[in-house]
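What follows is each chain in one-letter form.
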Amino acid sequence: MYLKDKKIIVGITGSIAAYKAAVLVRLLKKQGAEVQVIMTADAHSFITPLTLATLSGRPVLTAYFDQESGQWYNHVELGLWADIMIIAPATANTIAKLANGLADNLLSAVYLSARCPVLVAPAMDLDMLKHPATRKNLETLKAFGNQIAAPGHGELASGLTGEGRLAEPEEIVRISEKYFSRRRAFAGKKVLITSGPTVEPFDPVRFVSNHSTGKMGYELAKAFNDAGADVTLVSGPVHLKSPDEDITIVRVQTALQMYNACRERVADADLVIFAAAVADYRPDDVLEYKMKKSEEVLQWQLRKNVDIARTLGAGKKEGQLMIGFALETDNEKENALKKLTGKNMDMIVLNSLQDEGAGFGHDTNKITVIEKDGTETPFVLKTKEQAAWDILSIVEKKWEN
C-alpha cells in the first residue's frame, strides 16, 4: 500500500542472484509502483532484459545510448525521477564503484545523480563479503545515508554455506515500504508490546511454560515500527530474529521479569499491546540444584503470577490505549469480554484454538477485534503479518477519531 504510484529504479548487477530480480519487480508492480529496470552489461548473462521489460512494462536500460532507437538516457533525469532506488543484487564490484564514486556505467551514474533514498542489497560469496575492502565499502555506503539489506545465510553458488545470499524479494519490498510508511500517523508514537511465553523454573533445568512462539507479537512490533512508531518489545524466550534493528528488545524469562520490564516503561507508552502468553502460575520454591528423580508421584506447590495486563490496565493514563489478547478454547466471546472489562483494556483480540490455523505454532491467525464500545471486527484466516496490520489499521482509525 505504501509503494502505490511510487517511482522505483531497480538496478541489477552481474550476480547469479539476478534471477530473483524478476520476483522483486513483480512484487513492486503488484504494490502499484512504477518500475524502471537498469542493468549492468554483466547482468545480461544471468537474466534477460526481455523478462524484466515484460514484468516492469518498461524498456530495460543498460547504456546511455540505444543504438536501435536512437534514444539517449539521461542519468541525471533518471536520478531525479525516482522516489527510491533499489540495487539488487549488488555485487562486490558494484558496491566498490558506488562507495568510491566511479561512474563507468549507466547504473553507477544514476546512483550518483539520485536524490532519493537508495537501498543496496549485496549478493556475493561469503569470503568476498567478509573481506575488509567490502566491509569498508558497505560502511561507506551506510555513512552516505544508504540502507543496506542484510544478506542472508545459506548455500551459495560456490557450494559454500554462509552469509552472502541476496535478501529475499519480500524483505527488500518491506524495507522499501518503510521509507514511505514513516510518514504515517504513528510517527512520534511510543508503542510497548509484550510477546512470547514466560518460563517459570522448578530448578536450573526444568520449568513451566506454554507453546507460544512469539510470532504474533513480533509481527505487531514489525508493523508498528514500519508505520513509524518507536517500538519497545518485551520478549520472553523465543527462537525469532529481531524484526528490525530500530526496535528495542528487552529479553526476559519469567512473568515477574516481564512485569517489571513493562512497569518501568508503561508510563511513556502511547499504546500498550499485551500479546505475550504469560504463565498464570509459577513454582513456589525454586531449587538451586537439579532435582533428582525419586518419587513415583511428585507434588509441587504453585503460586499465582501477577496479571500484567490487569495490574497495568488499572493504572492506565488518560489518552493511553491498551490492547489485550484472549486465546480461548470455549465460551470464547464471553471470556474475551470478561478480560476486556476486567483488565480495563480498550480492545481485546480474540482467537480460538478451535479455529484451524489459529493460535500457537502457526504462521497464520484468525482474529476478532472487540472494542470497548462493543464494536466487533472479525477477520478471516490470514498470515500473522497481515493480522498485525489489521490490528494496526483499527488503532489508526481510533486515533484519527
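As a starting point, this report considers the structure included with it. (Residues numbered from 1 in each chain as written. Predicted model: local features only at pLDDT ≥ 70, side-chain atom pairs only at ≥ 80, totals over all residues. Heavy atoms only, no water.)

### Notes on the overall build of the protein
In plain terms, the rule: Counting from the N terminus, the helices are DSSP H or I runs at least four residues long and the strands are E runs at least two residues long. Whether a residue is buried, partly exposed or exposed follows from its accessible area with a 1.4 Å probe, protein chains only, as a fraction of its type maximum: under 20%, in between, or over 50%, in that order. Any pair of residues with heavy atoms lying within 4.5 Å of one another is described as a contacting pair. Residue exposure ignores everything except the shown protein chains as possible cover, and the areas themselves are Shrake-Rupley values with a 1.4 Å probe.
Along the protein, the regular secondary structure elements total 13 helices and 21 strands. Per-residue burial for the protein yields a buried fraction of 49% across its 401 residues. Across the protein, contacts joining residues at least 24 apart in sequence account for 68% of those joining residues at least 6 apart. A total of about 20,000 Å² of accessible surface is found on the protein, and carbon and sulfur atoms cover 50% of it.

### Some thoughts on the pairing of strand β8 (residues 190–195)
Regular strands have side chains that alternate between both faces of the sheet. For the record, the criterion: Two strands qualify as a pair provided that DSSP identifies no fewer than 2 bridges between them.
Buried residues dominate β8, accounting for five of its six residues. In terms of strand pairing, β8 meets strand β11 (residues 230–235) through six bridges, oriented parallel. Residue isoleucine 193 lies in a different strand from β11, and its bridge partner there is leucine 233.

### Let's talk about the packing of helix α4 (residues 92–100) against helix α7 (residues 132–143)
Angle between the axes and distance between the axes: these two values describe a pair of packed helices. Convention followed: Only C-alpha atoms enter the line fits that serve as axes; for helices the fit covers just the stretch in contact. Angles between N-to-C directions range over 0 to 180 degrees. Angle categories: roughly parallel below 35 degrees, roughly antiparallel above 145, roughly perpendicular from 65 to 115, and oblique for all the rest. The handedness criterion is simple: a crossing whose near helix is rotated anticlockwise from the far helix by less than a right angle is left-handed, and one whose near helix is rotated clockwise is right-handed.
The interhelical angle for the contact between α4 and α7, taken along N-to-C directions, is 50°, at an axis separation of 9 Å. Considered as vectors, α4 and α7 are oriented oblique to each other. Seen from above, α4 lies across α7 with left-handed handedness. Between α4 and α7, the contacting residues are Ala92, Ile95, Ala96, Leu98, Ala99 and Asn100 on the first element and Thr134, Asn137, Leu138, Thr140 and Leu141 on the second.

### Here's the deal with the packing of helix α1 (residues 20–30) against helix α2 (residues 49–56)
The condition that has to hold: All residues other than Ala, Val, Leu, Ile, Met, Phe, Trp, Tyr, Cys, Pro, Asp, Glu, Lys and Arg, Gly among them, are scored as polar; the first ten of these are nonpolar and the last four charged.
Interhelical geometry of α1 versus α2 gives an angle of 10° and a closest axis separation of 9 Å. Judged by the angle between their axes, α1 and α2 are roughly parallel. Residues Ala21, Ala22, Val25 and Lys29 of α1 form the contact with α2, whose participating residues are Thr51, Leu52, Leu55 and Ser56. Each residue belonging to the contact of α1 with α2 can be placed in one class, and the counts come to five nonpolar, two polar and one charged.

### Considering the nonpolar core
Inclusion rule: Nine residue types can take part in a nonpolar core, namely buried Ala, Val, Leu, Ile, Met, Phe, Trp, Tyr and Cys, and a core is a set of them joined through side-chain atoms within 4.5 Å.
Of all hydrophobic cores here, the largest spans 67 residues; its most connected members are Leu28, Leu220 and Phe224. Ranked by the residues each element gives to this core, the list is headed by helix α13 (residues 384–400), at seven residues. When residues no more than four places from it in sequence are discounted, the contact partners of phenylalanine 224 are Phe186, Val191, Ala229, Val231, Leu271, Ile273, Leu392 and Val395. In this structure, Met85, Ala99, Ala114 and Met124 belong to the second largest nonpolar core, which totals 25 residues.

### Topic: the sheet that holds strand β4 (residues 118–122)
Sheets are built from strands paired through backbone hydrogen bonds, the pairs being either parallel or antiparallel. In space, the five strands of this open sheet follow the order β2-β1-β3-β4-β5, with parallel pairing throughout. Where the open sheet ends on each side, the last strands, each with one partner, are β2 (34–39) and β5 (147–148). Strand direction decides the pairing type here: strand β1 (residues 7–12) and β2, joined by six bridges, are parallel. Paired with isoleucine 9 across the bridge in β2 is glutamine 36.

### Regarding unusual backbone geometry
Cis geometry marks the peptide bond from alanine 88 to proline 89; its omega dihedral reads 0°. Structurally, the position occupied by proline 89 is in strand β3 (residues 84–90). For aspartate 5, which is not glycine, the phi dihedral falls at a positive 70°.

### Points about the side chain of serine 56
Selection criterion: Throughout this description, a polar contact denotes any pair of N or O atoms lying within 3.5 Å of each other; where both atoms belong to protein, one of them has to be capable of donating a hydrogen while the other can accept it, and for residues adjacent in sequence the pair is counted only when both atoms sit in side chains.
For serine 56, the location among the structural elements is in helix α2. From its side chain, serine 56 meets the backbone oxygen of leucine 52 in a polar contact 2.8 Å long. Polar contacts involving the side chain of serine 56 include one to the main-chain carbonyl oxygen of arginine 58, which spans 3.2 Å. With near-sequence residues (within four places) excluded, serine 56 lies in contact with Val25, Lys29, Val35 and Val37.

### With respect to the pairing of strand β16 (residues 321–328)
Along β16, seven of the eight residues are buried, which leaves the element largely enclosed by surrounding structure. Across four bridges, the pairing between strand β13 (residues 271–274) and β16 is parallel. If you follow valine 272 over to β16, its bridge partner there is methionine 322.

### Some thoughts on the side chain of glutamate 200
Stated formally: When charges are counted, neither His nor the chain ends are considered; positive counts come from Lys and Arg and negative counts from Asp and Glu. One speaks of a salt bridge when a side-chain nitrogen belonging to Lys or Arg is within 4 Å of a carboxyl oxygen belonging to Asp or Glu.
By the secondary structure assignment, glutamate 200 is in strand β9 (residues 200–201). One buried charged residue, glutamate 200, forms no salt bridge at all, with the nearest opposite charge on arginine 282 at 5.7 Å. Here the side chain of glutamate 200 touches threonine 198 through a polar contact of 2.9 Å, side chain to side chain. Filtering out sequence-adjacent residues up to four positions away, glutamate 200 remains in contact with Phe207, Val208, Thr254, Ala255, Ala279, Tyr281, Arg282, Pro283 and Asn305.

### Quick word on the pattern of salt bridges
For the structure on display, the rule yields 20 salt bridges. Where arginine 174 meets aspartate 244, a salt bridge forms, and the shortest distance between an N and an O atom there is 3.8 Å. With arginine 174 in helix α8 (residues 169–181) and aspartate 244 in the loop between β11 and β12 (248–251), the pair connects residues that are 70 residues apart, well separated along the chain. Taking the relative accessible area as the measure of exposure, aspartate 244 reaches 8% and is therefore buried. In this structure, the salt-bridge partner of arginine 206 is aspartate 203, at a minimum N-O distance of 2.7 Å. With a relative accessible area of 4%, aspartate 203 lands in the buried category.

### Comments concerning the packing of aromatic side chains
Using the following cut-off: Pairing of aromatic side chains requires ring centres within 6.5 Å, counting the rings of Phe and Tyr and the six-membered ring of Trp. Pairs whose planes differ by under 30 degrees are stacked, by over 60 edge-to-face, and all others tilted.
Summed over the entire model, instances satisfying the criterion amount to one aromatic pair. Seen from their ring centres, phenylalanine 186 and phenylalanine 224 are 5.2 Å apart, and the 90° between their planes marks the pair as edge-to-face. Here the residue phenylalanine 186 occupies a position in the loop between α8 and β8, and phenylalanine 224 occupies one in helix α9 (residues 215–226), the gap between them amounting to 38 residues. Residue class for phenylalanine 186 comes out buried when judged on its relative accessible area of 1%. Phenylalanine 224 gets classed as buried once you look at its relative accessible area, which sits at 0%.

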